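Examination of the molecular architecture
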Amino acid sequence: MASSSSRPPRRGKAEDSDPATSDEPVYSFVRKSVFDRLKSSKKVTEEDMSALTALEEADDDEMLVPVDIRERLMKSADAMKAEMKEPRLQVEAYVRAEQLFATDSNPKQGRPVAMTAKAWKEQNLEDDSDFGEMEDLDLDDENFEMAEEEDLEYDEEIDLEDASSSGPASKKARLY
């Protein structure tokens, strides 16, 4: 299942806290119309789940609702694999995320609210512009130089036939 958003979910408190060890909310959005349909549907496909989080594909007037996905992020790899094989389990995880968001007894300032896809897209464009003030690079500029492979500092040894073993050739690399 492809991720629909290039932006990581917003955390409730510390941006660098580990969701696996934190009780802090981790906010994300889902498409309300798709979510409402999936909650009442008995059969859920992978395409349905992709549509749920495909925020960029939502019509401008479509509503997006916030959810708290911290429990989803705290799952073991085995639980996540099982969930990926059964889309219905994914829906249940998002229903739980919706409940977590709704029952947060200590709402904090900056907590997301439901919004239209257009507002979400504008907010993301705004957030992207705040990400870092990078200068536009003029690739045709004579002062712009590409790093040459020879300039990289690495040493690589390749043993095509390792005399000490009868197995496949081994490759040893040292990076500095």
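Here, the structure is the one placed above.
Position numbers for residues count from 1 along each chain, tracking the sequence in the order it is written. With the structure being a predicted model, the display of local features is reserved for residues of pLDDT at least 70 and the display and counting of side-chain atom pairs for 80 or more, all residues being used for whole-chain, interface and lining totals. Based on all heavy atoms of the structure, the side-chain values leave hydrogens and waters out of the count.

1. Some words on the overall build of the protein
Applicable threshold: Numbered from the N terminus, helices here are DSSP runs of H or I no shorter than four residues, and strands are runs of E no shorter than two. Per-residue accessibility, obtained with a 1.4 Å probe over protein chains only, is compared with the maximum for each type, and a residue is labelled buried under 20%, exposed over 50%, and partly exposed between these values. Contacts between residues were defined by any pair of non-hydrogen atoms, one from each residue, lying within 4.5 Å. Accessible surface is estimated by sampling points in the Shrake-Rupley manner with a 1.4 Å probe; for residues, cover comes only from the protein chains shown.
Check the secondary structure of the protein and you find six helices and six strands. In the protein, which comprises 176 residues, the proportion classed as buried is 26%. Taking all contacts inside the protein whose residues are at least 6 apart in sequence as the whole, residues at least 24 apart take part in 65%. Element-wise, carbon and sulfur atoms account for 49% of the exposed surface of the protein, whose accessible area totals about 12,800 Å².

2. Some remarks on the packing of aromatic side chains
To keep it simple, the criterion reads: For this analysis, a ring pair means two rings from Phe, Tyr or Trp (six-membered ring only for Trp) whose centres lie within 6.5 Å, classed as stacked if their planes differ by under 30 degrees, edge-to-face if by over 60, and tilted for the remaining angles. Remark: a charge is flagged as sitting over a ring if the NZ atom of Lys or the CZ atom of Arg is within 6 Å of the ring centre and within 35 degrees of the ring normal.
All chains considered together, the criterion is met by one aromatic pair. Ring geometry for Tyr27 and Phe101: centres 5.7 Å apart, planes at 80°, overall edge-to-face. With Tyr27 in strand S2 (residues 26–31) and Phe101 in helix H5 (residues 87–102), this pair connects stretches of sequence that are 74 residues apart. Relative accessible area serves as the criterion here: at 13%, Phe101 is assigned to the buried category. Lys39 extends its terminal NZ or CZ atom over the ring of Phe35, reaching a point 4.6 Å from the ring centre. Lying over the aromatic face of Phe101, Arg111 brings its terminal NZ or CZ to 3.8 Å of the ring centre.

3. Comments concerning the pairing of S2
Consecutive side chains along a regular strand alternate between the two faces of the sheet. As a reminder of what qualifies: DSSP calls a pair of strands paired once it identifies at least 2 bridges connecting them.
Of all six residues that make up S2, five are buried, and the element is covered over most of its length. Sheet topology note: the S2/strand S3 (residues 63–68) ladder contains five bridges and is antiparallel. The residue of S3 that forms the bridge with Val30 is Val65.

4. Concerning the packing of helix H1 (residues 32–40) against helix H2 (residues 46–53)
Test applied: Axis definition: a line fitted to C-alpha atoms, over the contacting stretch in the case of helices. Angles run 0 to 180 degrees between N-to-C directions. Each crossing gets its hand from how the near helix is turned against the far one by less than a right angle, where anticlockwise is left-handed and clockwise is right-handed. Residue polarity follows a fixed list, in which Ala, Val, Leu, Ile, Met, Phe, Trp, Tyr, Cys and Pro are nonpolar, Asp, Glu, Lys and Arg are charged, and the others, Gly among them, are polar.
Here H1 crosses H2 at 145°, and the two axes come no closer than 8 Å. By crossing handedness, the relation of H1 to H2 is classed as left-handed. Contact residues: Val34, Phe35, Arg37 and Leu38 in H1; Asp48, Met49, Ala51 and Leu52 in H2. Partitioning the contact of H1 with H2 into residue classes produces six nonpolar, no polar and two charged.

5. So, the nonpolar core
The test is simple: As used in this record, nonpolar core signifies buried Ala, Val, Leu, Ile, Met, Phe, Trp, Tyr and Cys residues forming a set joined through side-chain atoms within 4.5 Å.
The biggest cluster of nonpolar side chains holds 14 residues, and the ones touching the most others in it are Val30, Leu38, Met49, Leu52, Val67, Ile69 and Tyr94. Contributing elements (two or more residues each) for this core: S2, H1, H2, S3 and H5. Ranked by size, the runner-up nonpolar core spans seven residues in total, among them Phe29, Leu55, Leu64 and Ala117.

From the geometry alone we can't say anything about function, so treat these as descriptive.
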